[in-house]
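Results of the structural survey
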Amino acid sequence: MDLDAFFAENPMGGVGAVSPQGFKSGFVALVGRPNAGKSTLLNAMMGKKIAITSNTAQTTRHRFRAALTTEDFQLVIVDTPGIHKPHDALGEELNVSAENAIGDVDVVALLVDTTKPIGRGDEWVAARVREARGAKVCVLTKTDRATPEQVRHQLEAARSLADWDAITSLSAQEGTGVAAFIDLVAGHLPAGPKWFPDDMDTDLSEEVMVAEFIREKVLLNYRDEVPHAIGVGVEQMEYVRKKDLMRIFAVIYVERESQKGIIIGQGGRAVRQVGIEARCDLEQLLGCRVFLDLSVKCKKDWRRDANQIRRFGYGE
Ligand SMILES: Nc1nc2c(ncn2[C@@H]2O[C@H](COP(=O)(O)OP(=O)(O)O)[C@@H](O)[C@H]2O)c(=O)[nH]1
Ligand SMILES: [Mg+2]
């Protein structure tokens, strides 16, 4: 990780950082093809939901960091969009973002789905991992859905993907193997200070997290290509102290006028369902009651527009 860039982006990080004797700190990047289980593992490591997950490809659009701080170490976890063959400007931006994350971290963890045959997608990502400077760990994911025989078989198959410092397996969903993975990664961290203050566990802004939690519900509630054509922007957030209530005004952007009706649904039913589900998660995230106003607007072909992609904050 380029620390100058990190500090430029995170003025709080490292300020007044204490470095107790023997304290270790560093970065781990979670990489792998889409759906390998990167965001689910990040949440399991953190013990709470920070990253959104879904079983459709290309869920994660932000590269961001979460900090796991214990008495002995601070581990900064970098979640990345899955690396894949790009179809549009958004796809290209996401690839650049993931590849940059591999460059300079202390540990690169390549996640491989235990339940799927290792394919060209995994090999393509592994080729990038081989060039990394840091320790290389291969992580077989979703073992709750595999037999011990399948796990053994996949371990054998993954061995030749790179010159691994370690290979491990886990189920982020059930939590088995997650603590062992954290210990394994922590063992590769150098001595160093805290980059994040104790009470800060991610560098995503609250607005971006709110927008992402809403986007996750869109991914869950609609099928086919439509969910991938949407972007979410939070226009306004205001906390009403007297009522312990956060008022959130957010917009779901679609690419074409014809998609507006699909998102809104008959009599507004579909978008209302998104609102109900999102509000539930947002109340957990923010720790107060939430009023959520969702509207739907069209921004023509935004996925081809690099400026708009950056305005949403996706990619780099
Ligand atoms: N059964 C099972 N499913 C998992 C596990 N980890 C992730 N998944 C599922 O796999 C899908 C993709 O996960 P996600 O974390 O979004 O993958 P990413 O694209 O690599 O970030 C989601 O539907 C997850 O619920 C696991 O340990 N066990
Ligand atoms: Mg993800």
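With that settled, consider the overall build of the protein. Summing up its helical and strand segments, the protein has ten helices and nine strands in all. Taken over the C-alpha trace, the protein has a radius of gyration of 20 Å; the compact-globule value for 316 residues is 20 Å, and the two agree within 12%. Reported as C-alpha extents along the three principal axes, the dimensions of the protein are approximately 55 × 45 × 35 Å. Per-residue burial for the protein yields a buried fraction of 51% across its 316 residues.

As a further point, take the sheet that holds strand 7 (residues 231-240). Spatial ordering of the open sheet is given by 7-8-9, a layout of three strands whose pairing is mixed. Pairing within the sheet leaves two strands with one partner each, and these edge strands are strand 7 and strand 9 (289-298). Across the sheet, the mean angle separating the axes of adjacent strands is 15 degrees when strand polarity is ignored. Bridge count for strand 8 (residues 245-254) against strand 9 is ten bridges, and the pairing is parallel. Bridged to I248 within strand 9 is L292. Across the sheet, helix 8 (residues 257-264) touches strand 8 and strand 9, and the angle it forms with strand 9 is around 150 degrees.

Turning next to the nonpolar core. Counting 32 residues, the largest nonpolar core has L30, L41, L42, L75, I77 and F181 as its most contacted members. Those elements that place two or more of their residues in this core are strand 1 (24-31), helix 2 (38-46), strand 2 (64-69), strand 3 (73-79), strand 4 (107-113), strand 5 (135-141) and helix 6 (178-186). At five residues, helix 6 tops the list of elements feeding residues into this core. Contacts of I77, omitting those with residues within four sequence positions, involve V28, L30, L42, M45, M46, F64, R65, A66 and L68. Formed by 29 residues, the second largest nonpolar core is a distinct cluster that contains M246, V271, A278 and V290.

A few words now on the pairing of strand 5. Most of strand 5 sits out of view: seven of its seven residues are buried. Bridge count between strand 4 and strand 5: seven bridges; the pairing is parallel. Counted as the bridge partner of D113 is T141 from strand 5. Where the polypeptide runs from strand 4 across helix 4 (residues 120-130) and back to strand 5, its parallel neighbour, the crossover connection is right-handed. Regarding the hand of the β-α-β motif, the stretch spanning strand 5, helix 5 (residues 148-159) and strand 6 (residues 166-169) is right-handed.

N35, G37, K38, T40 and D144 are the nearest of the 17 residues found near ligand 1. Separating an oxygen atom of ligand 1 from a backbone N or O atom of G37 is a distance of 2.9 Å. Residue K142 places a side-chain N or O atom 3.0 Å away from an oxygen atom belonging to ligand 1. Contact with the protein chains removes 90% of the 580 Å² of surface that ligand 1 exposes when unbound. In terms of residue class, the shell around ligand 1 is made up of three nonpolar, ten polar and four charged.

Moving on, we come to the sheet that holds strand 5. The strand order across the open sheet built from six strands is 2-3-1-4-5-6, with neighbouring strands paired in mixed fashion. The sheet is open, and its two borders are formed by strand 2 and strand 6, each paired with just one other strand. Strand after strand, the sheet turns through a mean of 25 degrees between neighbouring axes, direction not considered. Relative to strand 3, strand 1 runs parallel, the two sharing seven bridges. Its bridge partner being in strand 3, F27 is matched across the sheet by V76. Those strands touched by helix 4 are strand 1, strand 4 and strand 5, and its axis lies near 170 degrees from that of strand 4.

Moving on, we come to the pairing of strand 4. Among the seven residues that make up strand 4, seven are buried, leaving the element largely enclosed by the rest of the structure. Side-chain alternation along strand 4 places V107, A109, L111 and D113 on one buried face and V108, L110 and V112 on a second face that is also buried. Here four bridges tie strand 1 to strand 4, and the two strands are oriented parallel to one another. Among the inter-strand pairings, L30 is bridged to a residue of strand 4, identified as A109.

Now for the packing of aromatic side chains. Taken as a whole and judged by the stated rule, the model has three aromatic pairs. Taken together, a centroid distance of 5.0 Å and an interplanar angle of 75 degrees make the contact between W302 and F312 edge-to-face. You can see W302 sitting in the loop between strand 9 and helix 10 (306-312) and its partner F312 sitting in helix 10, a full ten residues away along the chain. The same class applies to W302 and to F312, which are both buried. Between the NZ or CZ atom of K49 and the centre of the ring of F213, over which it lies, the distance is 4.7 Å. Sitting over the ring of W124, R128 keeps its end group 3.9 Å from the ring centre.

Cut-offs used in this document
Residues numbered from 1 in each chain as written. Chains lettered and ligands numbered in written order. Predicted model: local features only at pLDDT ≥ 70, side-chain atom pairs only at ≥ 80, totals over all residues. Heavy atoms only, no water. Helix = DSSP H or I, 4+ residues; strand = E, 2+ residues; numbered from the N terminus. Rg over C-alpha atoms; globule rule 2.2 N^0.38 Å. Buried < 20%, exposed > 50% of the residue type's maximum accessible area, 1.4 Å probe, protein only. Pairing = 2+ DSSP bridges. Axes fitted to C-alpha atoms, helices over the stretch in contact; angles between N-to-C directions. Contact = heavy atoms within 4.5 Å. Core = buried A, V, L, I, M, F, W, Y, C linked by side-chain atoms within 4.5 Å. Right-handed = clockwise from strand over helix to strand, strands pointing away. Near = heavy atom within 4 Å. Polar contact = N/O pair within 3.5 Å; in protein donor to acceptor, adjacent residues only side chain to side chain. Areas by Shrake-Rupley, 256 points an atom, 1.4 Å probe, with all protein chains shown as cover. Nonpolar A, V, L, I, M, F, W, Y, C, P; charged D, E, K, R; others polar. Phe/Tyr/Trp six-rings, centres within 6.5 Å; stacked < 30°, edge-to-face > 60°. Lys NZ or Arg CZ within 6 Å of the ring centre and 35° of its normal.

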